[in-house]
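Remarks on the overall topology
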Amino acid sequence: MTNPMIRIHNTETNEIIDREMTNDEYALYLDSFKEPVLSEKEIATKEAKSALLDKLGLTDDEAKLLLS
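Every value quoted in this text rests on a predicted model; they were computed, and no experiment measured them.

Bringing the overall build of the protein into the picture now. When helices and strands are counted, the protein shows 3 helices and 2 strands. Put simply, the protein runs from its N terminus to its C terminus through helices and strands in the order β-β-α-α-α. Counting across all 68 residues of the protein, residues that qualify as buried make up 7%. Once local pairs closer than 6 in sequence are excluded, the contacts in the protein between residues at least 24 apart make up 3%. Just so you have it, the protein exposes about 6,500 Å², and 57% of that area is on carbon and sulfur atoms. Taking the average location of the 8 positive side-chain charges in the protein and that of its 15 negative ones, the two points are 6 Å from each other.

Further remarks concern unusual backbone geometry. In this model, Asn14 sits at a positive phi of 65 degrees, which is unusual for a non-glycine residue. Mapped onto the secondary structure, Asn14 falls in the loop between β1 (5-10) and β2 (15-20).

Moving on to the side chain of Asn3. With respect to the helices and strands, Asn3 occurs in the segment before β1. By relative accessible area, which is 11% here, Asn3 ends up buried.

Residues Tyr29, Leu30 and Phe33 make up a contiguous nonpolar surface patch of roughly 310 Å² in combined accessible area. As for its position among the elements, Phe33 is in the loop between α1 (23-31) and α2 (40-56). On the basis of relative accessible area, Phe33 is assigned to the exposed category, the value being 58%.

About the thresholds
- Residues numbered from 1 in each chain as written.
- Predicted model: local features only at pLDDT ≥ 70, side-chain atom pairs only at ≥ 80, totals over all residues.
- Heavy atoms only, no water.
- Helix = DSSP H or I, 4+ residues; strand = E, 2+ residues; numbered from the N terminus.
- Buried < 20%, exposed > 50% of the residue type's maximum accessible area, 1.4 Å probe, protein only.
- Contact = heavy atoms within 4.5 Å.
- Areas by Shrake-Rupley, 256 points an atom, 1.4 Å probe, with all protein chains shown as cover.
- Lys, Arg positive; Asp, Glu negative; His and termini not counted.
- Charge placed at Lys NZ, Arg CZ, Asp CG, Glu CD.
- Patch = residues over 30% accessible without salt bridge, like charges linked within 9 Å, V, L, I, M, F, W, Y side chains within 5 Å.
- Salt bridge = Lys/Arg side-chain N within 4 Å of Asp/Glu carboxyl O.

See below:
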C-alpha cells in the first residue's frame, strides 16, 4: 500500500510539488485521529465536575452560561 500524497505549494514561485508521505509523516497523520489519553488527575477532575453538575441538575451548556 502506498502512503497518501502531500501537496507543497510555494506561493512565492507558484511551484507545486506532489509527493508521497514518508512513513514517519504517515504515522503522525494517523496519530492525529486518536483520542487523547487523559491522566488519572484529569479523569478524576472530569468525573468530579460531572457529578457536581448532576447534583445541581445542570447541563454542560447551562453551566457554561453561568460562567460566561
